[in-house]
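# Observations on the model geometry
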Amino acid sequence: METDDLARIIDDYSDVTVTTVCSHSSLQIFHGAKKEGLKTLGIAVNRPPKFYDAFPLGKPDEFILLDSYAELMGLKDELLARNSVIVPHGSFVEYLGADKVVELDVPIFGNRGVLAWESDRKKQREWLESAGIKMPTLIEDPTKIDRPVLVKYQGAKGGRGFFIAKNYDDFEQGLDPTQEYNIQEYVTGTRYYLHYFYSPIQEEGYQLSKGTLQMLSMDRRDETNIDEMYKLGSQEELKRLGIYASFVVTGNVPIVIRESLLPKVLKMGEDVVEKSIELFGGLWGPFCLETIVTDQLEFVVFEISARIVAGTNPFIGGSAYSEMIEPNLSTGVRIGQEIKMARDTGRLGDILS
Ligand code: ATP
């Protein structure tokens, strides 16, 4: 959205409605907004999700019902009339498509300019590596596979369709040649998904060139079937039975990291934000670095998610880290606080796009 259009729209936004699609981390987003005294609006397909009745503190005040998510593009007037601020999450971007999110003429929390850098694996690597982040080595020529690798298809979702290859034969057997792929080294280590929040408007705390950075929580994803398949035998043995490793996320487990690694965690978040300011005007709100820590205690980042991730859901009541910032602080509450603070100080233009 053009800066002038955004400024004109939010000029009337004395009373904001936190709006999102009912999926992914929306219970947490609504819960946080309600705790901060903001109005909430859920967008659902066909009917309000019944399971929301089981969690009244996470249920939005109102629902808008659609026949399909594609209709979201037609909701502009209705959403603007309610002073909606859309809080995007992974399912929101997936259901609507990154291109459409960019076109949606309703204020979005966060910088939609990040989508172009995040959704293209090459640009994402350019951003992160130029920020000094180490990423898994890419292997350009499959005949040169000399170690375990992960073959990733462009736009794969939730690890679906990835496969592990240990040599060229594995690669040839597993490949779907109709899809665009990249081959990267399979990094051995422990997976940590680091949940940050960057505010360009809050001044107290861990300071960046502008604003402050918080480390709110960490999780590890439970991925089926790879996380449990060792119980059945080796992967080679299982392949002979037609059972292949998959990486479909089914849940999230809370993590705390050894304390001596915390300075590195914060520095990585800092470098990624500073580089985003330089490249495309900034990455504000929640974001997640998906990392593997090697036995040399080195972080290798295989992906960034530039919005709230479902891995923050174990911390709706706060985490070991957010507890040292403010009791019971979840990412959802922090989003609500940021919107409220910006609204009350006339700075909504600094956190919406
Ligand atoms: P999402 O968009 O849901 O995050 P995705 O389809 O983009 O998922 P990734 O997050 O890149 O997929 O990876 C899925 C899983 O594959 C990771 O959670 C991790 O377990 C594993 N993985 C990814 N890259 C590597 C790597 N280089 N080395 C080892 N494991 C990896």
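The structure presented is a predicted model; accordingly, all values stated were derived computationally and were not measured. (Residues numbered from 1 in each chain as written. Predicted model: local features only at pLDDT ≥ 70, side-chain atom pairs only at ≥ 80, totals over all residues. Heavy atoms only, no water.)

### Description of helix H1 (residues 3-10)
All of the buried residues along H1 are Leu 6, Ile 9 and Ile 10. Looking down the long axis of H1, one finds its buried residues gathered within 85 degrees of arc, a one-sided arrangement. Residues of H1 that are exposed and point over 90 degrees away from its buried face: Asp 4 and Arg 8. Looking at the buried residues of H1, the elements they touch are helix H3 (76-81) and helix H12 (348-351). (Buried < 20%, exposed > 50% of the residue type's maximum accessible area, 1.4 Å probe, protein only. Helix = DSSP H or I, 4+ residues; strand = E, 2+ residues; numbered from the N terminus. Arc of directions from axis to C-beta. Contact = heavy atoms within 4.5 Å.)

### Side note on the sheet that holds strand E2 (residues 39-45)
Reading across the sheet, the 4 strands line up as E3-E2-E1-E4 and stay open at both edges, with parallel pairing between neighbours. The outermost strands of the open sheet, each flanked by one partner alone, are strand E3 (62-66) and strand E4 (84-86). Taken pair by pair, the neighbouring strands of this sheet meet at an average axis angle of 30 degrees, ignoring direction. Of the strand pairs in this sheet, E2 and E3 are connected by 5 bridges, and their pairing is parallel. Pairing of Gly 42 across the sheet is with Phe 63, part of E3. (Pairing = 2+ DSSP bridges. Axes fitted to C-alpha atoms, helices over the stretch in contact; angles between N-to-C directions.)

### A short note on the domain arrangement of the protein chain
Along its sequence, the protein chain is carved into domain 1 (3-133 + 189-223 + 251-350) and domain 2 (142-187 + 224-240). Each of domain 1 and domain 2 has a C-alpha centre, and these two points are 30 Å apart. Summed over both sides, the interface between domain 1 and domain 2 buries roughly 960 Å², with carbon and sulfur atoms accounting for 42% of that surface. The interface formed by domain 1 and domain 2 contains 1 salt bridge. Residue Arg 191 is joined to Asp 227 by a salt bridge in which the shortest nitrogen-to-oxygen separation is 3.5 Å. Here domain 1 is connected to domain 2 by 3 residue pairs in polar contact (both at pLDDT 80 or more). It is strand E10 (residues 212-225) that provides the largest number of residues to the side of domain 1 that touches domain 2, a total of 3 residues. Its residues placed into classes, the side of domain 1 that touches domain 2 shows 3 nonpolar, 3 polar and 8 charged. (Domains from an automatic or database assignment. Buried area = accessible area lost by both parts, 1.4 Å probe. Salt bridge = Lys/Arg side-chain N within 4 Å of Asp/Glu carboxyl O. Polar contact = N/O pair within 3.5 Å; in protein donor to acceptor, adjacent residues only side chain to side chain. Nonpolar A, V, L, I, M, F, W, Y, C, P; charged D, E, K, R; others polar.)

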